[in-house]
Protein chains: 2
Amino acid sequence: MESLAALTDRQKDVYEFIRHLIRHRGYGPTVREIGEAFQIRSPNGVVCHLKALERKGLITREANRSRAIQLVAEPLSRLALPLAGRIAAGALHEAIEQDERIDLGEMFDTSDDDLFALEVSGDSMIEDQIADGDYVIVRRQKTARKGQIVVALTDENEATLKRWFPEKNRIRLEPANSSMKPIFVKNAKILGVVVGVVRKVA
Amino acid sequence: MESLAALTDRQKDVYEFIRHLIRHRGYGPTVREIGEAFQIRSPNGVVCHLKALERKGLITREANRSRAIQLVAEPLSRLALPLAGRIAAGALHEAIEQDERIDLGEMFDTSDDDLFALEVSGDSMIEDQIADGDYVIVRRQKTARKGQIVVALTDENEATLKRWFPEKNRIRLEPANSSMKPIFVKNAKILGVVVGVVRKVA
DNA sequence: CTCGATTATGGACAATTGTACAATATACGC
DNA sequence: GCGTATATTGTACAATTGTCCATAATCGAG
């Protein structure tokens, strides 16, 4: 909104070049590599651009290290998509021009080793809008608050996706499907709590 | 399943170290940086590990370039989560040990500039399991097949999320909510087609 | 007009860094 | 026991690479 707008065309090109390399090649360019790509004959010419980008907050660099350009704007996620605004909001076009971004890597912190995904089988949670074939993002933890959607392991060593309701002497595992009945078990182990849902639409 | 399993503990550690740096710091390590982290005093000691990782297909390197380590297993995405298997599948524990991964960056190719996200407002698509507050992932395109979920701009310049049904002289935009009626318009512009849904569960 | 920011050239230096070669030790399967 | 893969040390070299200095043209703002 501000930082990006303040860039000159040249700087924007350089930034895009760096970003493209990190994204597609997996590692960033050297100062001279950038120079080559833009016909800048002197390393110092490139350094000027890098300093400008750093000053404007788009990148970070670490002194004396090769290829040590860090993207600040989309720091650790590649799954940052431009967010176009709310659908009901009418003037969608304008919203798209903004550069708000939804960063799924931030939503579901991938560096968090306690997250895992699980493909959903069946319609037991359909009324919570979790359908067959969806992936639920689960945080590994052993406890849950009443009513949370959990992945639980019942006595019979069966894993299920249900809402979690502890009662006096038993646990009620309730599906979100009015045609199905809750399951009551004495013991159930929580494997994790659902923190997200991801679906690929055909 | 094969590649990761074939790794020695040491190699796995080195791989994780590289991956961690690329993920969290934004750029990979030098040969000597790896050596330092693992008390390997000679650059060559590290190179051996890198060669092993390359041979086993986990990384790629480019000759004579600094920090030029490319991760092959999760090439361009940071949103790769371990996939624990299908929930109904019973023996979930074992499934978690596998190293299948769901790669959201692959599911929704972030390098694709024609993708954007949109926050959903309202319950008009609730029967397609798209709820208020969800984010739909949309591919910018101007046409759609009959029945696809599209983001459309109607005559009144209002953006809506509906199923797309072209008819003879008009277009039917159908909500997935039996309490709502389809909208009929003469002209509607398709802004994009829904390719995914992402939800954050509180 | 002058000042600052932008965008460059050219050359030089020193540190970083990948690679190569020569050895060694351990573990494992045959 | 012997060969192969793993894991490591040590040294050396040459190329890569970041940084710095001096210099300068262009352009918009004050």
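Here the structure is a predicted model, which is why all the values come from computation and not from measurement. (Residues numbered from 1 in each chain as written. Chains lettered and ligands numbered in written order. Predicted model: local features only at pLDDT ≥ 70, side-chain atom pairs only at ≥ 80, totals over all residues. Heavy atoms only, no water.)

Undergrad: Break down the overall build of chain A for me, citing the residues and quoting the values.
TA: Looking only at helices and strands, chain A has five helices and 11 strands in total. Within chain A, buried positions represent 51% of all 202 residues. Residue pairs at least 24 apart in sequence account for 50% of intrachain contacts in chain A once pairs closer than 6 positions are excluded. Accessible surface, chain A as shown: approximately 10,200 Å² in total, 48% of it carbon and sulfur. (Helix = DSSP H or I, 4+ residues; strand = E, 2+ residues; numbered from the N terminus. Buried < 20%, exposed > 50% of the residue type's maximum accessible area, 1.4 Å probe, protein only. Contact = heavy atoms within 4.5 Å. Areas by Shrake-Rupley, 256 points an atom, 1.4 Å probe, with all protein chains shown as cover.)

Undergrad: Got a sec to walk through the protein's contact with DNA strand D? Specific residues and values, please.
TA: Near DNA strand D there are 30 residues, and of these Val31(A), Arg32(A), Arg67(A), Arg41(B) and Ser42(B) occur at the shortest range. Each atom of DNA strand D within 4 Å of the protein was assigned to sugar, phosphate or base; sugar and phosphate come to 57%. Note that a base nitrogen of DNA strand D is positioned 2.7 Å from one of the side-chain N or O atoms of Ser42(B). Within the side chain of Asn44(B), one N or O atom sits 3.0 Å away from a base oxygen of DNA strand D. Only α2 (31-37) and α3 (43-55) of chain A together with α1 (9-24) and α3 (43-55) of chain B provide two or more residues apiece to the surface near DNA strand D. (Near = heavy atom within 4 Å. Polar contact = N/O pair within 3.5 Å; in protein donor to acceptor, adjacent residues only side chain to side chain.)

Undergrad: Talk me through the protein's contact with DNA strand C; I want residue IDs and the actual numbers.
TA: Neighbouring residues of DNA strand C: 30 residues in total, closest Thr8(A), Arg10(A), Arg41(A), Arg55(A) and Arg67(B). Take the atoms of DNA strand C that sit within 4 Å of the protein: sugar and phosphate atoms are 60% of them. In the environment of DNA strand C, a phosphate oxygen lies 2.9 Å from a nitrogen or oxygen atom belonging to the side chain of His49(A). Asn44(B) places a polar side-chain atom, nitrogen or oxygen, 3.1 Å from a base nitrogen of DNA strand C. Secondary structure elements with two or more residues in the surface near DNA strand C: α1 (9-24) and α3 of chain A together with α2 (31-37) and α3 of chain B. Broken down by element, the surface near DNA strand C gets its largest block of residues, six residues, from α3(A). Grouping the constituent residues of the surface near DNA strand C by class yields seven nonpolar, 13 polar and 10 charged. (Nonpolar A, V, L, I, M, F, W, Y, C, P; charged D, E, K, R; others polar.)

Undergrad: How would you explain the pairing of strand β9 (residues 171-174) of chain A if you had to name every residue and give the values?
TA: Residue and element names in this part refer to chain A. Where strand β8 (residues 159-166) and β9 come together, four bridges link them in antiparallel fashion. Of the residues in β9, the one forming a bridge with Trp164 is Leu173. In textbook terms, the turn of a hairpin is the stretch between consecutive antiparallel strands, and for β8 and β9 this stretch comprises four residues. The sheet contact formed by β9 and strand β10 (residues 183-185) spans three bridges and is antiparallel. Its bridge partner lying in β10, Ile171 is registered against Val185. (Pairing = 2+ DSSP bridges.)

Undergrad: Summarise the packing of α1(A) against α3(A); cite the residues concerned and give the values.
TA: Residues and elements named next belong to chain A. At a closest axis distance of 10 Å, the pairing of α1 and α3 adopts a crossing angle of 90°. Comparing their axes, α3 and α1 come out roughly perpendicular. Contact residues: Arg10, Gln11, Val14, Tyr15 and Ile18 in α1; His49, Leu50, Ala52 and Leu53 in α3. Of the residues contributing to the contact of α1 with α3, the split by class is six nonpolar, two polar and one charged. (Axes fitted to C-alpha atoms, helices over the stretch in contact; angles between N-to-C directions. Parallel < 35°, antiparallel > 145°, perpendicular 65-115°, else oblique.)

Undergrad: Give me the lowdown on the packing of aromatic side chains, citing residues and values where you can.
TA: Residues and elements named next belong to chain A. As enumerated under the stated definition, the model contains two aromatic pairs over all chains in all. Arranged with centres 5.5 Å apart and planes meeting at 85°, the rings of Phe17 and Phe38 form a pair that is edge-to-face. Residue Phe17 is found in helix α1, and its partner Phe38 is found in the loop between α2 and α3; the two are separated by 21 residues along the sequence. Above the ring of Phe165, the side-chain terminus of Arg172 is found at 4.4 Å from the ring centroid. (Phe/Tyr/Trp six-rings, centres within 6.5 Å; stacked < 30°, edge-to-face > 60°. Lys NZ or Arg CZ within 6 Å of the ring centre and 35° of its normal.)

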